[in-house]
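Chain by chain, the residues run as shown.
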Amino acid sequence: MLTVEQVVASHKANMETLFGLTNKAFEGVEKIVELNLTASKAALAEVGEHAQAVLSVKDAQELLALQSGLLQPLAEKTAAYSRHLYDIASSSTAELTKTFEGQSVDAQKKFMGLVDNAAKNAPAGSETAVAVMKSAVAAANNTLESVQKAVKQATEIAETNFNAVSATAANAAKPAAKKR
């Protein structure tokens, strides 16, 4: 039987977890805003520099060279921005996942404690029902662990694919910039 103190402690722990998760989510948003502000400032400065360079061009060949010189840095900056954005998102997701996994393990332990306590106080003849309940809880825990492992593997595969695509895009821009 749960006491009032246990219920209050559980609610308090849940509220602390909620506020912790909210703070982590806001930290991720702050990092994205900071990244976007930095990228916007840099882009604005580069546009100004490019406009000045275009105004000082003397012939079409110099203009073409100037334009082609922009492609490689632009591709690299875009890849770097995407990588940084991905790092922020994956870091925030990892922190949230870690917290959820910790809470899940704690909740499983508490629930198993309740099941064990109920089993001890169960009337005679209910052993089969208690065994079925324990088996169902164990099966649910195994399923949850399998899902968590599958999500982790899918995340790792997505990160590998993202890295490959970013590297390919940056490398593809190099020859294009040189041809012009």
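Residues numbered from 1 in each chain as written. Predicted model: local features only at pLDDT ≥ 70, side-chain atom pairs only at ≥ 80, totals over all residues. Heavy atoms only, no water.

Details of the overall build of the protein chain
In terms of regular secondary structure, the protein chain is built from 3 helices and 0 strands. Reading the secondary structure of the protein chain in the N-to-C direction produces α-α-α. The C-alpha radius of gyration computed for the protein chain amounts to 28 Å, which surpasses the reference 16 Å derived for 180 residues by more than 25%, pointing to a less compact arrangement than a globule. With the C-alpha coordinates of the protein chain rotated into their principal frame, the extents come out at 100 × 30 × 10 Å. Counted over contacts in the protein chain with a minimum sequence separation of 6, partners at least 24 positions apart contribute 77%. Element-wise, carbon and sulfur atoms account for 65% of the exposed surface of the protein chain, whose accessible area totals about 13300 Å². (Helix = DSSP H or I, 4+ residues; strand = E, 2+ residues; numbered from the N terminus. Rg over C-alpha atoms; globule rule 2.2 N^0.38 Å. Contact = heavy atoms within 4.5 Å. Areas by Shrake-Rupley, 256 points an atom, 1.4 Å probe, with all protein chains shown as cover.)

Some details on a nonpolar patch on the surface
Together, Phe26, Val29, Val33 and Leu37 make up an exposed nonpolar region whose accessible area comes to about 390 Å². Position of Leu37 relative to the elements: it lies in helix α1 (residues 4-55). (Patch = residues over 30% accessible without salt bridge, like charges linked within 9 Å, V, L, I, M, F, W, Y side chains within 5 Å. Salt bridge = Lys/Arg side-chain N within 4 Å of Asp/Glu carboxyl O.)

Focus: the pattern of salt bridges
Evaluation of the coordinates by the stated rule reveals 2 salt bridges. Ionic pairing is found between Glu46 and Lys77, a salt bridge with its closest N-O pair at 2.5 Å. One end of the pair, Glu46, is in helix α1; the other, Lys77, is in helix α2 (residues 60-120), with 31 residues separating them in the sequence. Judged by its relative accessible area of 32%, Glu46 falls in the partly exposed class. (Buried < 20%, exposed > 50% of the residue type's maximum accessible area, 1.4 Å probe, protein only.)

So, the confidence of the model for the protein chain
Mean pLDDT for the protein chain: 79, with 90% of residues reaching 70 or above. Per-element confidence in the protein chain is highest for α1, whose mean pLDDT is 87, and lowest for helix α3 (residues 127-179), whose mean pLDDT is 71. (pLDDT = per-residue confidence, 0-100.)

A look at α1
Here α1 spans 76 Å end to end across 52 residues, near enough to the 76 Å set by a 1.5 Å rise per residue. Regarding α1, the residues found buried are Thr17, Leu21, Gly28, Leu35 and His50. (Expected span 1.5 Å × (residues − 1).)

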